[in-house]
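Secondary and tertiary structure notes
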Amino acid sequence: MVLFLVIAFLGIMGYLIMDRVMEKNGVAERIRQFPAFTLYKPGGEKFTTDELPYDRPVILIYFNSTCHLCEKEIQAIRDRKEEFGEIQLLLVSSEAGNVIGDFAKRMELEGCKNIHWFQDRDMEVAVYYDVGSVPEIFLYGTDGKLVKRFQGTVKVERLLEAY
């Protein structure tokens, strides 16, 4: 009986591991191209990523305002924001719009023309990218293809070097 339970347990664990690996591979495949999303600006206005200029690279950062690592990452970007030039930075969070707006003000990045703050109200972005922790950073080229994915903080130099 014990042997049967051990074999059953190992079989179930093997299945769960394989299922998760296949899911991760599916995520990796679908995020190769920048998708169209419906997001909301901190004030509640609807925004679709189709409205972005497609002749510019995009950095999507999924963050949370209470995350210390996210704050450090965004501060590092703020300190070198001029170097991002025409790169479109999309800062996306599942938090309430007013929380995101307050965070943008605190980070002193609410008026930058190439930095956009969004609420992932329907968790569309989080599910699509299978966000498991924050910050998660996705770099897309002018062709809309994924250049690099980072989980956790990354030095600004590495973000800029990718382009």
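Residues numbered from 1 in each chain as written. Predicted model: local features only at pLDDT ≥ 70, side-chain atom pairs only at ≥ 80, totals over all residues. Heavy atoms only, no water.

Per an unreviewed UniProt entry, the protein is named Peroxiredoxin, and its organism is Echinicola vietnamensis.

**Describing the packing of aromatic side chains**
To describe a pair of aromatic rings, one takes the distance between the centres and the angle between the planes. Counted by the stated rule, this structure contains nine aromatic pairs. Arranged with centres 5.3 Å apart and planes meeting at 20 degrees, the rings of Phe63 and Phe103 form a pair that is stacked. One end of the pair, Phe63, is in the loop between strand S3 (58–62) and helix H2 (68–79); the other, Phe103, is in helix H3 (residues 97–106), and 40 residues separate them in sequence. Neither Phe63 nor Phe103 differs from the other in exposure class; each is buried. Aromatic pair Phe63 and Trp117: ring centres 5.6 Å apart, planes at 85 degrees, arrangement edge-to-face. Of the two residues, Phe63 sits in the loop between S3 and H2 while Trp117 sits in strand S5 (residues 115–119), which places them 54 residues apart along the sequence. Taken as a pair, Phe63 and Trp117 share a single burial class, namely buried. Among the aromatic side chains, those forming a connected cluster through ring pairs are Phe37, Tyr128, Tyr129 and Phe138. The ring of Tyr128 is capped by Arg30, whose NZ or CZ atom sits 5.3 Å from the centre of that ring. (Phe/Tyr/Trp six-rings, centres within 6.5 Å; stacked < 30°, edge-to-face > 60°. Helix = DSSP H or I, 4+ residues; strand = E, 2+ residues; numbered from the N terminus. Buried < 20%, exposed > 50% of the residue type's maximum accessible area, 1.4 Å probe, protein only. Lys NZ or Arg CZ within 6 Å of the ring centre and 35° of its normal.)

**Notes on the nonpolar core**
By size, the foremost hydrophobic cluster in this structure holds 26 residues, and its most contacted members are Ile59, Phe63, Phe84, Trp117 and Leu159. In this view, Phe63 contacts Cys70, Ile74, Leu91, Val92, Ser93, Glu95, Ile100, Phe103, Trp117 and Val134; residues no more than four positions away in its chain are not counted. With 18 residues, the next largest nonpolar core counts Leu90, Phe118, Phe138 and Tyr140 among its residues. (Core = buried A, V, L, I, M, F, W, Y, C linked by side-chain atoms within 4.5 Å. Contact = heavy atoms within 4.5 Å.)

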